Amino acid sequence: DGGTSLNLDPLPMGLPMSDPTAWATAMNNLGMAPMGMTGQPLLPGGRMKGTCSDTPKPTWSAFSPLLSSDLPPPATRERPPGCKTVFVGGLPENGTEQIIMEVFEQCGEVIAIRKSKKNFCHIRFAEEFMVDKALYLSGYRIRLGSSTDKKDTGRLHVDFAQARDDLYEWECKQRMLAREERHRRRLEEERFRPPSPPPVVHYSDHECSIVAEKLKDDTKFLEAIQTLLTWIERGEVNRRTANNFYSMIQSANSHIRRLVNEKAAHEKEMEEAKEKFKLALSGILVQFEQIVAVYHSASKQKAWDHFTKAQRKNISVWCKQAEEIRNIHNDELMGIRREEEMEMSDEEIEDPSEMKETEESGLVSQVEALKEENDSLRWQLDAYRNEVELLKQEQGKASRDEDTTKEQQMKLLQQALQGMQKHLLKVQDEYKKREAELEKVKEDKLKIETLLENLKEQESSTSRVCTCSQEKECPAEKMLNSSPVKSEREVLLVGIISTFLHVHPFGASIEYICSYLQRLDSKICTAEVEVLMTRLQNTFRQELSGVGASLEKRWKFCGFDGLKMT
């Protein structure tokens, strides 16, 4: 209400009044201007500034501390991570959100206030440090206006509150910091990481020529040999590029001679350095010998008696030191000379003939090197010729492939037609042979019939004075001569063949029939069976079945039809 105001009163419940400067200290800690009992600004001594009886009362004034200390009472719970929300208890029952906002907005920006009906609320600030300022207000009494009603008074209790929004923002902030830390660590690792080697180029004729030139240069040999090794491991070597790779490998082999010469030069330098060191060491030893001789001459009695005791002591010490140093250098020089003598003895053991052999081997190696270079040049020429031939062949293949495919198809068709023609010719020849055989059989039949007629005429003209036995034998001979079956064996064959073909209504080839008969009698031949079946035309019939290459002759049993015809 407009008439409601907040006043600062001493404790009405008999509590002792604290130091009058406590409120000013608390307000200074909050960063607010200190206010007096009537809401007026206070001077540093605790006096109000500009008090007047006509000044209107403010809507809220200051608080009365319950503690004698300047600091607020400690919090009763542990501070949650990222806490921006405080719990405020002990509010007056008649307190409104506007009054709470007026009191706590001095601590910082208030984002939200969640007030309960049971005299407490939760206040959420914008930053975490504002919560520390709000905790200073804990432990003070508040009174609305000049009323002494219990509903208008209360003792504030400010404490940390645990909110999910604060925890979520704190976790997001921690994740962001962790990402920044990882990014910073990654940048540091990349900064201290050694640079990766440059990638090896892919093989081509141009790159091959560049690498071949680099192999001949001592300064670029390592880079070129690494590229060559990578190409070989990748599998770039094939029939087309083999000559190029051989020339590069040969260049690498020629580099061995350069390395050997370089090693010999370094060994020569080392020998020269050894000689210089030996000469310098021998000069130093000569000087040491002279110095030691001076000490020894000074130690003799002629000169020794004239020195003082301290001088004699120093001379003896110096002599000992010089002798020790001389002995060390002398041993070192003797070791060097001993090593040289060992090397000389090893060289003397070798015969002069071996020296000649080494010289001859050197000449032979040079000749072989020249031969290798000649061979390499020859291989390069062959490689270029092969490349030219390959290019010509590749150009000619494109035009020949189509022609070859067409020619192959034509050849296949011609071969198929020739095969069909040959097969037809064979079938025609067999057909002509069969027709000729049938004509011969018909002619034989006609001849037999004419002979039978002649015999009948002769028999009729003969005398009738024949015995009964002769009259019986003549018809039997006629039947034998006219019958196609001439023996009992042929009758048995006809019966077996008729039974076999009766079981095979679609017919069977002559080979199949003979294989069945040969199981019964191995002496039966195919020609005999075929002649017998051709004579019995009313009992057996030959037919052609199939088409083209599958054409086949089959024999069928036609005895029932032949019985009706005869």
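Along each chain, the written sequence defines residue order, and numbers are assigned to residues from 1. Thresholds applied to this predicted model are a pLDDT of at least 70 for local features of residues and 80 or more for the giving and counting of side-chain atom pairs; totals over whole chains, interfaces and linings are not thresholded and use all residues. No hydrogens and no water enter the side-chain calculation; it runs on all heavy atoms of the structure.

Caption draft 1: Highlighting the UniProt feature "coiled-coil region" (unreviewed entry) in the protein. UniProt positions are given in the numbering used here, feature names are shortened, and annotations may be inferred rather than shown by experiment. The UniProt record marks residues 249-276 and 367-461 with the feature "coiled-coil region" (unreviewed entry), using the residue numbering of this structure. Note on conventions: DSSP H or I runs of at least 4 residues are helices, E runs of at least 2 residues are strands, and numbering of each starts at the N terminus. As annotated, residues 249-276 has a helix share of 100% and a strand share of 0%, and its two end C-alpha atoms lie 41 Å apart.

Caption draft 2: Region of interest: the confidence of the model for the protein. Here the protein averages 77 in pLDDT, while 78% of its residues score no lower than 70. Per-element mean pLDDT across the protein ranges from 48 in strand S1 (residues 64-65) up to 94 in strand S4 (residues 120-125). Summary of the metric used: pLDDT quantifies the predictor's per-residue confidence within the range 0 to 100. Should any heavy atoms of two residues lie within 4.5 Å, those residues are counted as being in contact. Segment residues 1-20 is flagged for pLDDT under 50; beyond a separation of four residues in sequence, or across chains, it makes 44 contacts in the model.

Caption draft 3: Layout of a nonpolar patch on the surface. To count toward a patch, a residue needs a relative accessible area over 30% and no salt bridge; like charges are then connected within 9 Å, while nonpolar side chains (Val, Leu, Ile, Met, Phe, Trp, Tyr) are connected within 5 Å. Here the open area of atoms and residues is found with the Shrake-Rupley method and a 1.4 Å probe, where only the protein chains shown may cover a residue. By definition here, a salt bridge exists when the distance from a side-chain nitrogen of Lys or Arg to a carboxyl oxygen of Asp or Glu is within 4 Å. Judged by side-chain polarity, Ile232, Val237 and Ile249 come together as a nonpolar surface patch covering roughly 230 Å² of accessible area. Residue placement: Ile249 occurs in helix H7 (residues 242-299).

Caption draft 4: Here's a closer look at the sheet that holds strand S2 (residues 85-89). For two strands to count as paired, DSSP must find a minimum of two bridges between them. Strand order in this open sheet of four strands is S3-S4-S2-S7, and the pairing throughout is antiparallel. At either margin of the open sheet sits one strand with a lone partner, and together these are strand S3 (110-115) and strand S7 (157-160). When the angles between neighbouring strand axes are averaged without regard to direction, this sheet yields 20°. For S3 and S4, the ladder comprises five bridges, and the chain directions are antiparallel. Working convention: axes come from line fits to C-alpha atoms, limited for helices to the stretch in contact. Angles between N-to-C directions cover 0 to 180 degrees.

Caption draft 5: The environment of Leu563, seen in detail. The residue Leu563 is located in helix H15 (residues 559-565) in this model. As a C-alpha pair, Leu563 and Asn538 span 25 residues in sequence and 7.5 Å in three-dimensional space.

Caption draft 6: Geometry of the packing of aromatic side chains. Note on aromatic pairs: the rings of Phe, Tyr and Trp (six-membered ring only in Trp) are paired at centre separations within 6.5 Å, and the planes decide the class, stacked below 30 degrees, edge-to-face beyond 60, tilted for the rest. Enumeration over the complete set of coordinates arrives at six aromatic pairs. Considering the side-chain rings of Tyr203 and Trp231, the 5.2 Å spacing of their centres and the 90° angle between planes classify their relative orientation as edge-to-face. Within this pair, whereas Tyr203 is found in the loop between helix H4 (164-192) and helix H5 (205-215), its partner Trp231 is found in helix H6 (residues 221-234), the two being separated by 28 residues in sequence. For every residue, the accessible area (1.4 Å probe, protein chains only) is compared with the maximum for its type, and the residue is labelled buried under 20%, exposed over 50%, or partly exposed between those bounds. For Tyr203, a relative accessible area of 15% corresponds to the buried category. Measuring from ring centre to ring centre gives 6.3 Å for Phe540 and Phe557, while their planes differ by 65°; the resulting arrangement is edge-to-face. One end of the pair, Phe540, is in strand S8 (residues 540-545); the other, Phe557, is in strand S9 (residues 552-557), with 17 residues separating them in the sequence. On the basis of relative accessible area, Phe557 is assigned to the partly exposed category, the value being 25%. Within the aromatic cluster, the residues linked to one another by ring pairs are Tyr203, Trp231 and Phe245.

Caption draft 7: The packing of H6 against H7, seen in detail. In contact at an axis separation of 11 Å, H6 and H7 are set at 140° when each is read in the N-to-C sense. Between H6 and H7 lies a crossing of left-handed hand. Mapping the contact onto sequence places Phe221, Ile225, Leu228, Trp231 and Ile232 in H6 and Phe245, Met248, Ile249, Ala252, His255 and Arg258 in H7. Note: crossing handedness is left-handed where the near helix turns anticlockwise from the far helix by less than a right angle, and right-handed where it turns clockwise.

Caption draft 8: Region of the structure containing the side chain of Glu530. With respect to the helices, strands and loops of the structure, Glu530 is situated in helix H14 (residues 526-535). We classify Glu530 as buried; its relative accessible area is 19%. Filtering out sequence-adjacent residues up to four positions away, Glu530 remains in contact with Arg434, Ile510 and Trp555.

Caption draft 9: How the structure looks around helix H13 (residues 510-520). When H13 is considered as a whole, its buried residues turn out to be Ile510, Ile513, Cys514 and Leu517. Summarising the axial view, the buried residues of H13 lie within an arc of 95°, below the 170-degree limit, and thus occupy one face. Of the exposed residues in H13, the ones pointing more than 90 degrees away from its buried face are Glu511 and Arg519. Against the buried residues of H13 lie helix H12 (488-503), H14 and S9. Directions pointing from the helix axis toward each C-beta atom define the arc.

Caption draft 10: A positive patch on the surface, seen in detail. A cluster of basic residues, Arg175, Arg179, Arg182 and Arg186, forms a positive patch on the protein surface. Along the chain, Arg175 turns up in helix H4. For Arg175, a relative accessible area of 41% puts it in the partly exposed group. Counted as positive: Lys and Arg. Counted as negative: Asp and Glu, with His and the chain ends omitted from the count. The atoms used to mark charge sites are NZ of Lys, CZ of Arg, CG of Asp and CD of Glu.

Caption draft 11: Quick look at the nonpolar core. Nine residue types can take part in a nonpolar core, namely buried Ala, Val, Leu, Ile, Met, Phe, Trp, Tyr and Cys, and a core is a set of them joined through side-chain atoms within 4.5 Å. Grouped together as the largest cluster of nonpolar side chains are 25 residues, with contacts concentrated most on Val86, Val88, Ile100, Phe104, Ile123, Phe125 and Val158. When contributions to this core are tallied by element, the ones reaching two or more residues are S2, helix H2 (97-104), S3, S4, helix H3 (129-135) and S7. Not counting residues up to four positions away in its chain, the partners in contact with Val86 are Cys121, His122, Ile123, Phe125, Val131, Val158, Asp159 and Ala161. Ile497, Phe500, Leu532 and Trp555 belong to the second-largest nonpolar core, a separate cluster that totals 17 residues.

Caption draft 12: View of the pattern of salt bridges. Counted according to the given criterion, the structure contains 20 salt bridges. Between Glu275 and Lys278 there is a salt bridge, with its nearest N and O atoms 3.7 Å apart. Taken together, the residues Glu275 and Lys278, both in helix H7 and three residues apart, mark about one turn of the helix. Residue Glu275 is classed as partly exposed on the basis of its relative accessible area, which comes to 37%. Judged by relative accessible area, Lys278 falls into the buried class, the value being 16%. Through salt bridges with shared partners, a single network forms among Lys84, Arg124, Asp166 and Glu169.

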